[in-house]
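Read off the chains here:
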Amino acid sequence: MSISIIGAGAIGSAIARLLTNTGLEISIANSRGPESLKPLVAELGPRARAVSLEQAAAADLVFLAVNWSKIPAALAGLGPWEGRIVVDANNPIEAPLFKPFELGGEPSTQVVARMLPGARVVKAFNHLTPNLLANPGAEGGKRLLFVSGEQADAKRQVIELITQLGFHGIDLGNLQQGQLAQFPGGPLPALNLVKHG
Ligand SMILES: NC(=O)c1ccc[n+]([C@@H]2O[C@H](COP(=O)([O-])OP(=O)(O)OC[C@H]3O[C@@H](n4cnc5c(N)ncnc54)[C@H](OP(=O)(O)O)[C@@H]3O)[C@@H](O)[C@H]2O)c1
(Lines give C-alpha, C1' and ligand atoms only; values in the text may rest on other atoms or scores of the structure.)
Protein backbone atom coordinates (compact mmCIF):
# COMPACT_ATOMS: atom_id res chain seq x y z
CA MET A 1 0.00 0.00 0.00
CA SER A 2 1.56 3.35 -1.05
CA ILE A 3 1.24 6.15 1.52
CA SER A 4 1.48 9.91 1.02
CA ILE A 5 0.99 13.04 3.07
CA ILE A 6 -0.44 16.30 1.75
CA GLY A 7 0.76 19.00 4.14
CA ALA A 8 4.24 19.02 5.63
CA GLY A 9 3.82 21.35 8.59
CA ALA A 10 3.63 20.46 12.29
CA ILE A 11 1.23 17.52 11.87
CA GLY A 12 2.20 16.38 8.37
CA SER A 13 5.86 16.16 9.29
CA ALA A 14 5.06 14.42 12.62
CA ILE A 15 3.09 11.78 10.68
CA ALA A 16 5.96 11.47 8.19
CA ARG A 17 8.45 10.87 11.04
CA LEU A 18 6.21 8.23 12.61
CA LEU A 19 5.81 6.35 9.33
CA THR A 20 9.45 6.46 8.26
CA ASN A 21 10.67 5.55 11.77
CA THR A 22 8.43 2.47 11.52
CA GLY A 23 10.14 1.50 8.26
CA LEU A 24 7.40 2.59 5.88
CA GLU A 25 8.00 4.49 2.65
CA ILE A 26 6.15 7.74 2.16
CA SER A 27 5.81 10.58 -0.28
CA ILE A 28 5.02 14.10 0.94
CA ALA A 29 3.80 17.31 -0.69
CA ASN A 30 3.09 20.91 0.27
CA SER A 31 1.97 24.06 -1.54
CA ARG A 32 5.47 25.22 -2.49
CA GLY A 33 6.67 22.14 -4.34
CA PRO A 34 9.18 19.31 -3.76
CA GLU A 35 12.23 21.59 -3.81
CA SER A 36 11.03 23.32 -0.63
CA LEU A 37 10.82 19.94 1.15
CA LYS A 38 14.48 19.05 0.66
CA PRO A 39 15.51 19.75 4.29
CA LEU A 40 12.59 17.71 5.69
CA VAL A 41 13.23 14.79 3.34
CA ALA A 42 16.94 14.87 4.20
CA GLU A 43 15.99 14.62 7.88
CA LEU A 44 13.48 11.80 7.24
CA GLY A 45 15.98 9.73 5.28
CA PRO A 46 15.75 7.40 2.28
CA ARG A 47 12.19 6.21 2.96
CA ALA A 48 10.78 9.69 2.26
CA ARG A 49 10.28 11.33 -1.13
CA ALA A 50 9.12 14.89 -1.86
CA VAL A 51 6.53 14.92 -4.63
CA SER A 52 3.97 17.14 -6.33
CA LEU A 53 0.42 17.33 -5.02
CA GLU A 54 -0.75 15.32 -8.05
CA GLN A 55 1.70 12.51 -7.25
CA ALA A 56 0.76 12.55 -3.57
CA ALA A 57 -2.93 12.30 -4.46
CA ALA A 58 -2.26 9.09 -6.41
CA ALA A 59 -1.20 7.05 -3.35
CA ASP A 60 -3.42 4.27 -1.98
CA LEU A 61 -3.64 6.04 1.39
CA VAL A 62 -3.33 9.82 1.60
CA PHE A 63 -2.99 11.77 4.84
CA LEU A 64 -4.41 15.28 4.59
CA ALA A 65 -2.86 17.74 7.08
CA VAL A 66 -3.44 21.25 5.77
CA ASN A 67 -4.71 24.43 7.45
CA TRP A 68 -8.52 24.30 7.40
CA SER A 69 -9.04 27.35 5.15
CA LYS A 70 -6.45 26.04 2.64
CA ILE A 71 -7.99 22.59 2.12
CA PRO A 72 -10.10 23.58 -0.93
CA ALA A 73 -7.03 25.05 -2.67
CA ALA A 74 -4.89 22.04 -1.73
CA LEU A 75 -7.41 19.58 -3.21
CA ALA A 76 -8.37 21.63 -6.29
CA GLY A 77 -7.84 19.62 -9.46
CA LEU A 78 -6.68 16.47 -7.66
CA GLY A 79 -8.25 13.05 -8.09
CA PRO A 80 -10.05 10.95 -9.15
CA TRP A 81 -10.25 9.61 -5.62
CA GLU A 82 -12.18 6.38 -6.25
CA GLY A 83 -10.97 3.64 -3.95
CA ARG A 84 -8.35 5.74 -2.17
CA ILE A 85 -8.31 6.10 1.59
CA VAL A 86 -7.90 9.68 2.77
CA VAL A 87 -7.08 10.20 6.45
CA ASP A 88 -8.47 13.57 7.52
CA ALA A 89 -6.18 14.91 10.26
CA ASN A 90 -7.65 18.40 10.05
CA ASN A 91 -9.59 20.52 12.47
CA PRO A 92 -11.81 23.48 11.62
CA ILE A 93 -9.79 26.02 13.56
CA GLU A 94 -6.50 27.74 12.82
CA ALA A 95 -3.81 30.17 13.92
CA PRO A 96 -3.49 32.99 14.70
CA LEU A 97 -7.04 33.59 16.01
CA PHE A 98 -8.02 29.99 16.87
CA LYS A 99 -11.64 30.94 16.24
CA PRO A 100 -13.58 27.81 15.22
CA PHE A 101 -15.04 27.85 11.69
CA GLU A 102 -18.85 27.71 11.73
CA LEU A 103 -20.00 24.42 10.17
CA GLY A 104 -23.58 24.44 11.42
CA GLY A 105 -23.01 21.33 13.54
CA GLU A 106 -21.80 19.23 10.60
CA PRO A 107 -18.77 17.00 11.32
CA SER A 108 -15.75 18.67 9.71
CA THR A 109 -14.70 15.42 8.05
CA GLN A 110 -18.05 15.32 6.27
CA VAL A 111 -17.20 18.75 4.84
CA VAL A 112 -13.78 17.47 3.75
CA ALA A 113 -15.28 14.27 2.30
CA ARG A 114 -17.45 16.33 -0.06
CA MET A 115 -14.25 17.65 -1.64
CA LEU A 116 -13.03 14.06 -2.18
CA PRO A 117 -15.73 12.37 -4.26
CA GLY A 118 -15.36 8.60 -4.23
CA ALA A 119 -12.66 8.56 -1.55
CA ARG A 120 -13.04 6.49 1.60
CA VAL A 121 -12.43 9.18 4.20
CA VAL A 122 -11.38 8.32 7.74
CA LYS A 123 -11.00 10.87 10.49
CA ALA A 124 -7.88 10.19 12.57
CA PHE A 125 -4.61 11.76 13.74
CA ASN A 126 -6.50 15.03 14.40
CA HIS A 127 -6.69 15.11 18.19
CA LEU A 128 -3.08 14.97 19.45
CA THR A 129 -0.45 17.69 19.42
CA PRO A 130 2.64 16.88 17.32
CA ASN A 131 4.79 16.15 20.40
CA LEU A 132 2.31 13.55 21.71
CA LEU A 133 1.85 12.10 18.23
CA ALA A 134 5.62 11.63 18.06
CA ASN A 135 5.51 9.26 21.00
CA PRO A 136 3.07 6.33 20.53
CA GLY A 137 4.56 4.13 23.25
CA ALA A 138 3.88 6.34 26.20
CA GLU A 139 4.23 5.97 29.95
CA GLY A 140 4.50 2.19 29.78
CA GLY A 141 1.45 1.81 27.56
CA LYS A 142 0.10 2.72 24.14
CA ARG A 143 -1.29 6.14 23.37
CA LEU A 144 -4.90 6.10 22.16
CA LEU A 145 -5.80 7.28 18.67
CA PHE A 146 -9.46 7.68 17.75
CA VAL A 147 -10.81 6.82 14.35
CA SER A 148 -14.21 7.45 12.76
CA GLY A 149 -15.71 7.17 9.32
CA GLU A 150 -18.47 5.72 7.21
CA GLN A 151 -16.57 2.77 5.66
CA ALA A 152 -15.68 -0.07 8.03
CA ASP A 153 -13.06 -1.55 5.71
CA ALA A 154 -11.17 1.76 5.39
CA LYS A 155 -11.27 2.25 9.18
CA ARG A 156 -9.93 -1.29 9.66
CA GLN A 157 -6.96 -0.53 7.38
CA VAL A 158 -6.24 2.74 9.19
CA ILE A 159 -6.43 1.00 12.57
CA GLU A 160 -3.99 -1.64 11.30
CA LEU A 161 -1.59 1.16 10.37
CA ILE A 162 -2.15 2.85 13.75
CA THR A 163 -1.33 -0.45 15.48
CA GLN A 164 1.79 -0.89 13.36
CA LEU A 165 2.93 2.59 14.44
CA GLY A 166 2.64 1.56 18.10
CA PHE A 167 -0.62 3.31 19.11
CA HIS A 168 -3.85 1.73 20.30
CA GLY A 169 -6.61 2.61 17.84
CA ILE A 170 -10.25 2.97 18.87
CA ASP A 171 -13.09 3.06 16.35
CA LEU A 172 -15.64 5.61 17.59
CA GLY A 173 -18.14 4.79 14.83
CA ASN A 174 -19.42 6.95 11.99
CA LEU A 175 -18.46 10.58 11.42
CA GLN A 176 -21.29 11.85 13.60
CA GLN A 177 -20.12 9.62 16.46
CA GLY A 178 -16.55 10.73 15.71
CA GLN A 179 -17.55 14.18 16.96
CA LEU A 180 -16.45 12.86 20.37
CA ALA A 181 -12.88 13.33 19.13
CA GLN A 182 -13.63 16.57 17.28
CA PHE A 183 -11.41 19.51 18.10
CA PRO A 184 -12.69 21.92 19.18
CA GLY A 185 -15.87 20.81 20.90
CA GLY A 186 -15.51 17.08 21.58
CA PRO A 187 -14.69 15.76 25.07
CA LEU A 188 -11.79 13.48 24.02
CA PRO A 189 -9.11 15.61 22.29
CA ALA A 190 -7.97 17.49 25.36
CA LEU A 191 -7.11 14.22 27.12
CA ASN A 192 -3.80 12.44 26.85
CA LEU A 193 -5.07 8.86 27.06
CA VAL A 194 -2.82 5.81 27.33
CA LYS A 195 -3.87 2.13 27.34
CA HIS A 196 -2.01 -0.09 29.78
CA GLY A 197 -1.95 -3.87 29.45
N1 LIG B 1 -0.67 21.58 15.10
C2 LIG B 1 -1.44 20.83 15.86
O3 LIG B 1 -1.32 20.74 17.08
C4 LIG B 1 -2.54 20.02 15.21
C5 LIG B 1 -3.02 18.88 15.87
C6 LIG B 1 -3.97 18.09 15.26
C7 LIG B 1 -4.48 18.44 14.01
N8 LIG B 1 -4.02 19.56 13.39
C9 LIG B 1 -4.60 19.92 12.08
O10 LIG B 1 -3.66 19.55 11.07
C11 LIG B 1 -3.77 20.45 9.97
C12 LIG B 1 -2.39 21.02 9.70
O13 LIG B 1 -1.98 21.73 10.86
P14 LIG B 1 -0.46 22.07 11.11
O15 LIG B 1 -0.35 22.52 12.51
O16 LIG B 1 0.41 20.96 10.61
O17 LIG B 1 -0.30 23.36 10.13
P18 LIG B 1 1.05 23.99 9.56
O19 LIG B 1 2.20 23.66 10.41
O20 LIG B 1 0.72 25.42 9.28
O21 LIG B 1 1.25 23.23 8.14
C22 LIG B 1 0.30 23.34 7.13
C23 LIG B 1 0.78 22.62 5.90
O24 LIG B 1 -0.26 22.73 4.91
C25 LIG B 1 0.36 23.02 3.67
N26 LIG B 1 -0.53 23.73 2.76
C27 LIG B 1 -1.14 24.93 2.93
N28 LIG B 1 -1.82 25.26 1.82
C29 LIG B 1 -1.63 24.25 0.94
C30 LIG B 1 -2.06 24.02 -0.38
N31 LIG B 1 -2.83 24.90 -1.04
N32 LIG B 1 -1.63 22.90 -1.01
C33 LIG B 1 -0.84 22.02 -0.35
N34 LIG B 1 -0.42 22.17 0.90
C35 LIG B 1 -0.80 23.28 1.54
C36 LIG B 1 1.54 23.90 4.03
O37 LIG B 1 2.45 23.90 2.95
P38 LIG B 1 3.27 25.26 2.63
O39 LIG B 1 4.03 25.58 3.86
O40 LIG B 1 4.10 24.90 1.44
O41 LIG B 1 2.23 26.30 2.29
C42 LIG B 1 2.06 23.19 5.28
O43 LIG B 1 2.92 22.14 4.90
C44 LIG B 1 -4.80 21.53 10.38
O45 LIG B 1 -6.04 21.23 9.82
C46 LIG B 1 -4.85 21.40 11.90
O47 LIG B 1 -6.12 21.74 12.43
C48 LIG B 1 -3.05 20.35 13.95
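Going by the structure above, here's the rest.
Quick caveat, the model's predicted, so the values are computed rather than measured.

Rules used in this analysis
Residues numbered from 1 in each chain as written. Predicted model: local features only at pLDDT ≥ 70, side-chain atom pairs only at ≥ 80, totals over all residues. Heavy atoms only, no water. Phe/Tyr/Trp six-rings, centres within 6.5 Å; stacked < 30°, edge-to-face > 60°. Helix = DSSP H or I, 4+ residues; strand = E, 2+ residues; numbered from the N terminus. Buried < 20%, exposed > 50% of the residue type's maximum accessible area, 1.4 Å probe, protein only. Expected span 1.5 Å × (residues − 1). Arc of directions from axis to C-beta. Near = heavy atom within 4 Å. Polar contact = N/O pair within 3.5 Å; in protein donor to acceptor, adjacent residues only side chain to side chain. Areas by Shrake-Rupley, 256 points an atom, 1.4 Å probe, with all protein chains shown as cover.

Engineer: Can you help me understand the packing of aromatic side chains in this one?
Structural biologist: A ring pair, where both rings are aromatic, is described by two values, the distance of the centres and the angle of the planes. Under the definition given, this model contains two aromatic pairs. With 5.1 Å between their ring centres and 85 degrees between their planes, Phe63 and Phe125 make a pair best called edge-to-face. Placement of Phe63 in strand 4 (residues 61–64) and of Phe125 in the loop between strand 6 (120–123) and helix 6 (130–133) is noted, with a sequence separation of 62 residues between them. For the pair shown, Phe63 and Phe125 are each scored as buried. Centre to centre, the rings of Phe125 and Phe167 are 6.4 Å apart; their planes meet at 85 degrees, and the pair counts as edge-to-face. Separated by 42 residues along the polypeptide, Phe125 in the loop between strand 6 and helix 6 and Phe167 in the loop between helix 7 (152–165) and strand 9 (168–173) bring together distant segments of the chain. Of the aromatic side chains, those joined through ring pairs into one cluster are Phe63, Phe125 and Phe167.

Engineer: What exactly am I supposed to notice about unusual backbone geometry here?
Structural biologist: Keep in mind that most residues, glycine aside, have a negative phi and that most peptide bonds are trans. Look at the link from Ala95 to Pro96: it is a cis peptide, with omega at 5 degrees. Relative to the helices and strands, Pro96 is located in the loop between strand 5 (85–88) and helix 5 (108–114). The residue after Phe183, namely Pro184, is reached through a cis peptide bond having omega 0 degrees. With respect to the element layout, Pro184 can be found in the loop between strand 9 and strand 10 (194–195). Positive phi, normally seen in glycine, also occurs at Glu139, with a value near 50 degrees. Tracing the backbone through its elements, the reader meets Glu139 in the loop between strand 7 (137–138) and strand 8 (141–149).

Engineer: Whenever I open this one, helix 7 confuses me. Can you help?
Structural biologist: For an α-helix, the turn length of 3.6 residues means that residues three or four places apart are oriented alike. Helix length check: helix 7 (14 residues) gives 20 Å between terminal C-alpha atoms against 20 Å at 1.5 Å per residue, within 8%. All of the buried residues in helix 7 are Ala154, Lys155, Gln157, Val158, Leu161, Ile162 and Leu165. Within helix 7, the buried residues cover an arc of 160 degrees as seen down the axis, which keeps them to one side.

Engineer: Where do I start with the site of the ligand in this structure?
Structural biologist: Residues in close proximity to the ligand total 24 residues, the closest being Ala8, Ile11, Ser31, Arg32 and Val66. Val66 has a polar backbone atom sitting 2.8 Å from an oxygen atom of the ligand. With respect to the ligand, the backbone of Ala74 contributes an N or O atom lying 3.5 Å from a nitrogen atom. Compared with its free state, where it exposes 890 Å², the ligand has 78% of that area covered by protein. Secondary structure elements with two or more residues in the shell around the ligand: helix 1 (10–21) and helix 4 (71–75).

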